[in-house]
Amino acid sequence: MTAGIRTESLSRQFANGVCALRDVSVTIAPGEFVALVGRSGSGKSTLMNILGGLDSPTAGSVYLDGGKVEYRDRKSLINLRRTQVGFVFQQFNLIPTLTARENVAYPLLFNYRPAEERRDRALGLLDLVGLSERADHLPHELSGGEQQRVAIARALVCSPRIILADEPTGNLDSKTSAEIYHLMRTINQEQAITFLVVTHERELASYCDRTIQLRDGMVVA
Ligand SMILES: Nc1ncnc2c1ncn2[C@@H]1O[C@H](COP(=O)(O)OP(=O)(O)OP(=O)(O)O)[C@@H](O)[C@H]1O
Ligand SMILES: [Mg+2]
């Protein structure tokens, strides 16, 4: 079967000499929900950024749903970020001047979808994450957990097959974190979307199908 995410001997050395990833080869099946763990500085965000086309490796290859990522081709990277993967960040990264609905619909602007379709799609996703009532609220009018739900809806809006979440519950209390994990797991199971989620919390790793552990840029488990 074609892997959801596959890396082959992936390495990333920064200009300052730091080697953040060394020979990382991992395979994640389509529809798997995998936790990425490891100490601070072990290379988790570096790996997530490369998988999401926000950074490029210095060696090795990445395959997303069977297709090789061409890091030197700017257009295909833009396409990757637009259609293949959805990103969820620790800091939510919502646009403060846009409502929840407008934040969710925002990525569709670049796909040139008609306004009404963008609106309906955003409202449908806000419903999915349990926030229909908050569609017209600005981010500062929402709790942290609600903001992260909006960010998850936004990550889904272009129908990616892969969601990359870098410490999505890092700014949330433990009860809200568990709710966010439950939501992501439900979406994973209902829509067979592949999830790779960075987490520090041991109990949250137990929600996942399995764990990949990094240490000093290498896969150790
Ligand atoms: N742009 C950069 N330039 C130079 N070094 C970097 C850069 N980004 C990250 N690093 C270094 O690469 C290593 C891995 O960083 P990374 O952010 O991937 O770790 P992490 O596992 O996500 O840590 P945390 O749990 O603290 O978020 C660290 O030593 C970091 O200092
Ligand atoms: Mg990080």
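Look a little higher up for the structure.
Attention in this report is confined to the structure presented alongside it. (Residues numbered from 1 in each chain as written. Chains lettered and ligands numbered in written order. Predicted model: local features only at pLDDT ≥ 70, side-chain atom pairs only at ≥ 80, totals over all residues.)

### Quick notes on the nonpolar core
With 58 residues, the main nonpolar core has Val-34, Leu-36, Val-104, Ala-153, Leu-164, Phe-195 and Val-197 as its most contacted residues. In this structure Leu-36 touches Lys-44, Leu-47, Leu-196, Val-197, Val-198, Ile-212 and Leu-214, once residues within four positions along its chain are discounted. (Core = buried A, V, L, I, M, F, W, Y, C linked by C-beta atoms within 7 Å. Buried ≥ 20, exposed ≤ 12 C-beta atoms within 10 Å, placed from the backbone. Contact = placed C-beta atoms within 7 Å.)

### Details of unusual backbone geometry
Even without being a glycine, Asn-93 presents a positive backbone phi close to 55°. Structurally, the position occupied by Asn-93 is in the loop between strand 7 (85-89) and helix 3 (100-105). In the Ramachandran plot, Asp-216 falls in the positive-phi region, its phi being about 50° despite a non-glycine side chain. Tracing the backbone shows Asp-216 in the loop between strand 10 (210-215) and strand 11 (218-219). (Helix = DSSP H or I, 4+ residues; strand = E, 2+ residues; numbered from the N terminus.)

### Quick word on the sheet that holds strand 7
Across the sheet, six strands lie side by side as 7-8-9-4-10-11; this open sheet has mixed pairing. Looking at the sheet topology across the chains shown, the edges are occupied by strand 7 and strand 11. Where strand 4 (residues 33-37) lies against strand 9 (residues 194-198), four bridges are found, and the strand directions are parallel. Paired with Phe-33 across the two strands is Phe-195, which belongs to strand 9. Contacting strand 4, strand 8 (162-166) and strand 9, helix 6 (residues 174-191) runs over the sheet at an angle of about 155° to strand 9. (Pairing = 2+ DSSP bridges. Axes fitted to C-alpha atoms, helices over the stretch in contact; angles between N-to-C directions.)

### A word on helix 4 (residues 115-128)
Spanning 14 residues, helix 4 covers 20 Å between terminal C-alpha atoms, matching the ideal 20 Å at 1.5 Å per step. Taken residue by residue, helix 4 has Arg-118, Arg-121, Ala-122, Leu-125 and Leu-126 as its buried positions. In an axial view of helix 4, the angular spread of the buried residues amounts to 135°, which keeps them on one side of the axis. Of the residues in helix 4, the exposed ones pointing more than 90 degrees away from the buried face are Glu-116 and Glu-117. As for helix 4, its buried residues are in contact with helix 3 and helix 5 (144-156). Taken from the residues just after helix 4, Gly-130 is the one with a positive phi, measuring 80°. (Expected span 1.5 Å × (residues − 1). Arc of directions from axis to C-beta.)

### Quick look at helix 1 (residues 44-51)
Burial of helix 1 is extensive: six of the eight residues sit out of reach of the surface. Taken as a whole, helix 1 has its buried residues at Lys-44, Thr-46, Leu-47, Met-48, Ile-50 and Leu-51. With its phi angle positive at about 75°, Gly-53 sits one or two positions after the end of helix 1.

### What to know about the packing of helix 5 against helix 6
Two elements in contact, helix 5 and helix 6, have axes whose closest approach is 10 Å; the angle formed by their N-to-C orientations is 20°. Our classification of the angle between helix 5 and helix 6 gives roughly parallel. In terms of crossing hand, the pair formed by helix 5 and helix 6 is right-handed. Contacts between helix 5 and helix 6 pair Gly-144, Gly-145, Gln-148, Arg-149 and Ile-152 from the former with Thr-176, Glu-179, Ile-180, Leu-183 and Met-184 from the latter. (Parallel < 35°, antiparallel > 145°, perpendicular 65-115°, else oblique. Left-handed = near helix turned anticlockwise from the far one by under 90°.)

### Examining the site of ligand 1
In the vicinity of ligand 1, the residues found are Phe-14, Asn-16, Val-18, Ala-20, Gly-38, Ser-40, Gly-41, Ser-42, Gly-43, Lys-44, Ser-45 and Thr-46. Take the shell around ligand 1: its biggest share by element is three residues, from helix 1. Its residues placed into classes, the shell around ligand 1 shows three nonpolar, eight polar and one charged. (Near = placed C-beta within 6 Å. Nonpolar A, V, L, I, M, F, W, Y, C, P; charged D, E, K, R; others polar.)

### So, the environment of Ile-78
With respect to the helices and strands, the residue Ile-78 is situated in helix 2 (residues 74-84). Measuring from C-alpha to C-alpha, the distance between Ile-78 and Val-18 comes to 27 Å, with 60 residues separating the pair along the chain.

### Remarks on the pairing of strand 2 (residues 19-24)
Bridge count for strand 1 (residues 5-13) against strand 2 is three bridges, and the pairing is antiparallel. From the neighbouring strand, Leu-10 faces strand 2, where its bridge partner is Val-24. The turn joining strand 1 and strand 2, which pair antiparallel and follow one another in sequence, is formed by five residues; a positive phi near 95° is taken by Gly-17.

### Comments concerning the environment of Thr-97
Mapped onto the elements of the fold, Thr-97 is located in the loop between strand 7 and helix 3. Put simply, Thr-97 and Leu-138 are 41 residues apart on the chain and 6.8 Å apart in space, counted from C-alpha to C-alpha.

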